[in-house]
Amino acid sequence: MWLSLLSLTLVVSMLVGTLIIEAGTAEAATVNTPYKTTMGALTTMTWGGGDARPGFATANGYLYAVWGRGNAFKLRKATTYAGLETAAETTVTGMDPDDWVVGLYYDNATSTFYVTAHVEYDYFLGSVAAHHYRKIKMYKSTNGLASVTKVGDIITSDNSDIHGYVDYPGNYYDFGAGDHNFYVDEAGGYAYIFYVHAWADLRSPAFAQGMFKSERVARCPINQLGDPTCWRNFYLGSWNELGRGGYASDLVNGSNGYVFYSSVIGKYLMMYNNTIASATSLTLQDWTPLYTNTDLSWFYYASALDMDTFSPYIIGSNAIYLELTRRRSAPLTVTNTTTTRTVIDPTYPAESVPDNSPGWDWSFTGTPAPKPTTYIISYQWPYQTHTPGIGFYSDYTVPYSVNYGFGMRMTSTAVNDYVNLNINVPTAGTYHLYSYNATGPAAGDFQLSIDGVNQGSPVSLFEAAPAHPQNGLGYKKTDMGTVTFTTAGNHTFKYTVTGKNAASTGYQLYFDVIKLVQTPPPPPAATFSDNFESGTASGWTTTGGTWAVVTDGSKVYQQSASAATDTHALNGNAGWTNYEVSSKVKVDAFDPGGYAGVGLDARYQDANNSYSFQYYKLTGQLKIQKEIGGVFTTLAVKSYPFATGTWYTLKAVLNGSNLEFWVNGNLELTATDTSLSSGKIGLNAHRANAKFDDVIVQ
C-alpha cells in the first residue's frame, strides 16, 4: 500500500555512548548516530481489529498477518502487503479463551510458526481495573496456522503466585507481565520478548489510577522456542534470571514499547508512550530515552513493517507504522540528521515496590533476597469426604480468585458440618499457610485442622456488604500460621463449621485456594578452621598459581608462583552470610612487575563476584574492593607499611552491609556495601610468593 507523505518531523541528537560492562567483559558502546523520525499521513485500513499488537511473518512466499483475542484469532496472508486488503480472512483455533495474540515468527529450519500471547486472568471480575493478573505464553503451529497448540507459559512476574491484589503487601500491587513485542534477531540467534511490567497504587480509589509501568525484556535461543523454560530475563546486566518467575531490570520508564532495527542509522529503536529510545546492542540493552514524538500519540498496539522485505524486525527507508486495533497506518522514515536532544528523565514512586528491586531497578545494585518456594493448592482438586446431605459445588465463581475466578461452595447448614480435602504437599518442610475464602452475608465460621490437629484460630467468613461484590460475595485471606510436614504427599485438611455471626443468614463456606510458602532453612553456620598440620589442603580448591602445603616452622599453605596472576584458594559454604575470616599471611617475594598483592576473599560467589581485603605492593596500600560482574570497585583505601618476610594477621569482618579490614588486631578500614550478601572465603595472591596459616572463620 502506497501512502502519500505529509510529514510531521521531530528530531533528536544522540548521546555519546558510555562504557558498558557485561559478564566480566568491557564493551564500549558506539557513539549514537543523530537521527530523526518522520511519520506520514494517516490512512484508514479496511481490515484488522482486536485489542493487541499485530504479528507479521513471511513464509513460503506469503506475508502472514495475525491479530485478535481468544481461542479463535484472525489470519490473512497474501504475496504483497497490498494484497492483505482483499485476502480471505480465516480463523485460527487452539488458543486459550483469555489470551491476546501478539507476535508471530516462522522458523524455516523446522517449518514451524510460533505465536506469542498475553493473558489477563480475572479481567472481567470486580470493579477494579488493575485487579487482574497477567503473564505471557507461547503457541506453535506446524499446519500453516490452521490451528495452534500451546507450548506453555514463558514469562511471569517474580511474584507469580500472587494473582490478586488482596494478597499483595505494601502499597503497590504487582499484576505481572503483559503487553509485549516479539522481536527475532536471526543473525544473533535469539528471540526477544519486550514486555510491560505493571504496578497499581492500592491507595488510589480506582487502582488503574496512579499506575506505574516499565519495559523489561527476556530472550530465548531461536532453536529452543519449543521449550517454554528457555526464556531468561535481562537482570542487572546479565541474562541469568528465569523468564518464569525470575527477576528483571527496567529498561525504560514506559509501556507498550515496539522495537525494531533501523538499517538506515544502524541502531535499535524503541517506540513507547510517544517516546523514542535507541540502543546499540540487544545483548547490552543500553537504551537511552531521547525525545517525545507526538506523531505516535494515535498509536497504541502498533508495529513497524518494512515494505520492501516485509520484515517487522529490520526496517529500511521504505516502511509503515500500523495499528490494527483501530485499523490505521502511516509511512515511517528514519534519517540521519543532527538535531537538538530533549532530556527525558524516568519518574517512579518514591516507595519501593515489593519485587526485590528497592528504589526500582533503575538504581538497584544489591543482591535480592532469595524467593521462597510457594505452592498454590486449588480447591478444585478432588476432595475426600463431606457432611452427608449438603451440597459441594466445585465450579462456583469466587471474586478476586487466585484460581482464575473459580472456587468451591459448601452449602453447610449447621455447626459441625465439614469437608475433608486431600492436599498434596510437594516436599516435606515447614510452611507458612494461608487460607483464601470468599465472604458474604450467609457465611459461617470455620476451624481448619491438618491431619487431625487444629491449625490457627476459628475464622469468620461473614461480611454483610462486601466492598466489591461478585455473586454477592467479598474475599478474605487468612494467615493460618506455620505448619511442619515431616513427609511429602497427601495430607488431610479439614474445614469444620464452628458457628456463625449473629447477623449471618447461614453457615455456608466458600473456598478458593490454600497457599503454602516454604520457610527456607537457616543459613549454614560460618565456622571453619585449618592450620594445615595434617600436611594436606583437604577441601580447598584453587584457581591459578602453584599451591601446596610446605613447612615454614610449622605447616603452611603456599602459593609459590610469584609471577602468577589472580590466584585463589577457596573454601567454605556459598550460603555463608555474616562472618569474620582471618589468616596469618607472609609474603616471601613480590614480583617486580605488575600490580602485586596479597589478601583474603569473602562472600566469594564466582570468579567475577566477591569482596577482597588486600595489601597492594605497587601503591603501598590496604584496600577493600568488590568485584561485580568482573568490574572492580574500591570501597576503602589507606597507606600501610608492609614488609616481606614478616607474618601479618589479616581479618575481614562482614555483618550485613558493614565491612571491616583488620591487620594485627587493629581496625584499619571500614566500608558499607550491599552488592553481595553471601559466599565462600578465600586466600588470594597476585604476583606474589605468599604463605598462609591458621585460617579461622567464625
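Residues numbered from 1 in each chain as written. Predicted model: local features only at pLDDT ≥ 70, side-chain atom pairs only at ≥ 80, totals over all residues. Heavy atoms only, no water.

### So, the overall build of the chain
Right, on to step 1. A tally of helices and strands in the chain yields 0 helices and 53 strands.
Right, on to step 2. In the chain, buried positions account for 54% of the 698 residues.
Right, on to step 3. For the chain, the accessible surface area stands at approximately 27,100 Å², while carbon and sulfur atoms represent 51% of it. (Helix = DSSP H or I, 4+ residues; strand = E, 2+ residues; numbered from the N terminus. Buried < 20%, exposed > 50% of the residue type's maximum accessible area, 1.4 Å probe, protein only. Areas by Shrake-Rupley, 256 points an atom, 1.4 Å probe, with all protein chains shown as cover.)

### Remarks on the pattern of salt bridges
Right, on to step 1. Across all of its chains, the model carries 17 salt bridges by this definition.
Right, on to step 2. Here Glu580 and Lys651 are joined by a salt bridge, their closest N and O atoms 3.9 Å apart. In this pair, Glu580 sits in strand β44 (residues 579-590) while Lys651 sits in strand β49 (residues 647-655), placing the two residues 71 residues apart along the sequence.
Right, on to step 3. When its relative accessible area of 23% is taken as the criterion, Glu580 is described as partly exposed.
Right, on to step 4. Looking at Lys651, the relative accessible area reads 21%, which means it is partly exposed.
Right, on to step 5. A salt bridge links Lys638 to Glu668, with the nearest nitrogen and oxygen atoms 2.7 Å apart. With Lys638 in strand β48 (residues 631-639) and Glu668 in strand β51 (residues 666-672), this pair connects stretches of sequence that are 30 residues apart.
Right, on to step 6. Overall, Lys638 belongs to the partly exposed group, its relative accessible area being 29%.
Right, on to step 7. Since its relative accessible area comes to 18%, Glu668 is described here as buried.
Right, on to step 8. Within the structure, one salt-bridge network assembled from shared partners comprises Asp96, Asp99, Lys137 and Lys150. (Salt bridge = Lys/Arg side-chain N within 4 Å of Asp/Glu carboxyl O.)

### Some points on the sheet that holds strand β46 (residues 609-616)
Adjacent strands of a sheet pair through backbone hydrogen bonds, lying either parallel or antiparallel.
Right, on to step 1. Read from one edge to the other, the open sheet built from 7 strands follows the order β40-β43-β52-β45-β46-β47-β48, with strand pairing classed as antiparallel. One side of each edge strand has no neighbouring strand; the edge strands of this open sheet are β40 (541-543) and β48. The average angle at which neighbouring strand axes cross in this sheet is 20°, direction not considered. (Pairing = 2+ DSSP bridges. Axes fitted to C-alpha atoms, helices over the stretch in contact; angles between N-to-C directions.)

### Comments concerning the state of the cysteines
Working definition of a disulfide: a covalent bond connecting the sulfur atoms of two cysteines.
Right, on to step 1. Scanning the model with the defined rule gives 1 disulfide in all.
Right, on to step 2. One disulfide bridge connects Cys220 with Cys230, the sulfur atoms lying 1.9 Å from each other. Note on the Cys220 and Cys230 pair: the S-S dihedral is about -105°, so by sign convention the disulfide is left-handed. Linking Cys220 in strand β16 (residues 211-221) with Cys230 in the loop between β16 and β17 (232-235), this pair joins segments that are 10 residues apart in sequence. With respect to class, Cys220 is no different from Cys230; both count as buried. (Disulfide = S-S within 2.5 Å.)

### A word on the environment of Phe692
Right, on to step 1. Considering the arrangement of structural elements, one finds Phe692 in strand β53 (residues 688-697).
Right, on to step 2. For the pair Phe692 and Val587, spaced 105 residues apart in the sequence, the C-alpha separation amounts to 8.9 Å.
Right, on to step 3. With residues up to four places along the chain from it excluded, the contact list for Phe692 reads Phe532, Trp547, Val556, Tyr557, Ser583, Lys584, Val585, Val598, Gly599, Trp647, Leu683 and Asn684. (Contact = heavy atoms within 4.5 Å.)

### So, the sheet that holds strand β6 (residues 55-59)
Right, on to step 1. As summarised here, the arrangement of the 4 strands in space is β6-β7-β8-β9, forming an open sheet in which the pairing is antiparallel. Where the open sheet ends on each side, the last strands, each with one partner, are β6 and β9 (90-93). The mean angle between the axes of side-by-side strands here comes to 30°, regardless of whether they run parallel or antiparallel.

### Overview of the side chain of Ser678
Right, on to step 1. For Ser678, the location among the structural elements is in the loop between β51 and β52 (680-686).
Right, on to step 2. Judged by its relative accessible area of 17%, Ser678 is buried.
Right, on to step 3. At 3.4 Å, the side chain of Ser678 forms a polar contact with the backbone oxygen of Ala574.
Right, on to step 4. Contacts of Ser678, omitting those with residues within four sequence positions, involve Ala574, Gly575, Trp576, Thr577, Arg603 and Gln605. (Polar contact = N/O pair within 3.5 Å; in protein donor to acceptor, adjacent residues only side chain to side chain.)

### Observations regarding empty space enclosed by the protein
Right, on to step 1. Throughout the structure, instances matching the rule amount to 2 cavities of 30 Å³ or more.
Right, on to step 2. In this structure, the largest cavity is lined by 13 residues; those nearest its centre are Pro54, Gly55, Phe56, Asn181 and Phe182.
Right, on to step 3. Elements represented by at least two residues in the lining of the largest cavity include exactly β6, β10 (99-107) and β14 (172-185).
Right, on to step 4. Considering each element in turn, the lining of the largest cavity owes the most residues, 3 residues, to β10.
Right, on to step 5. Split into classes, the residues belonging to the lining of the largest cavity amount to 8 nonpolar, 4 polar and 1 charged. (1 Å grid on protein atoms, 1.4 Å probe; cavity = no way out; pocket = protein on both sides within 12 Å on 5 of 7 lines; lining within 4 Å. Points joined across faces, edges and corners; volume = space filled by probe spheres on them. Nonpolar A, V, L, I, M, F, W, Y, C, P; charged D, E, K, R; others polar.)

### A word on unusual backbone geometry
Right, on to step 1. Of note, Arg327 is a non-glycine position whose phi angle comes to about 55°, a positive value.
Right, on to step 2. Of note, Arg327 is situated in the loop between β25 (319-323) and β26 (328-336).
Right, on to step 3. Under the relative-accessibility criterion, Arg327 is labelled partly exposed at 34%.
Right, on to step 4. At Asp451, a residue that is not glycine, the phi angle is positive and equals roughly 50°.
Right, on to step 5. Tracing the chain through its elements places Asp451 in the loop between β33 (445-450) and β34 (453-460).

### Structural notes on the confidence of the model for the chain
Right, on to step 1. Of the residues in the chain, 79% reach a pLDDT of 70 or more, and the chain-wide mean stands at 81.
Right, on to step 2. The low-confidence segment residues 1-32, where pLDDT is below 50, has 97 contacts with residues more than four positions distant or belonging to other chains.
Right, on to step 3. Within the model, the stretch residues 339-369 combines pLDDT values under 50 with 87 contacts to residues more than four positions away or in other chains. (pLDDT = per-residue confidence, 0-100.)

### Focus: the packing of aromatic side chains
Given two aromatic rings, one states the distance between the centres and the angle between the planes to describe the pair.
Right, on to step 1. Inspection of every chain in the model, using the stated rule, returns 31 aromatic pairs.
Right, on to step 2. With a centroid separation of 6.3 Å and an interplanar angle of 75°, the aromatic rings of Tyr183 and Tyr268 are classed as edge-to-face. On the criterion of sequence distance, the pair formed by Tyr183 in strand β14 and Tyr268 in strand β20 (residues 267-272) is long-range, its members being 85 residues apart.
Right, on to step 3. Judged by relative accessible area, which is 3%, Tyr183 ranks as buried.
Right, on to step 4. With a relative accessible area of 12%, Tyr268 lands in the buried category.
Right, on to step 5. Aromatic side chains Phe234 and Trp239 sit 5.1 Å apart centroid to centroid with 55° between the ring planes, which places their arrangement in the tilted category. Here the two residues Phe234 and Trp239 agree in accessibility, since each one is buried.
Right, on to step 6. The structure contains a cluster of three or more aromatic residues connected by ring pairs, namely Tyr190, Tyr192, Phe194, Phe234, Trp239 and Trp287.
Right, on to step 7. Over the face of the ring belonging to Tyr190 we find Arg219, whose NZ or CZ atom lies 3.8 Å from the ring centre. (Phe/Tyr/Trp six-rings, centres within 6.5 Å; stacked < 30°, edge-to-face > 60°. Lys NZ or Arg CZ within 6 Å of the ring centre and 35° of its normal.)

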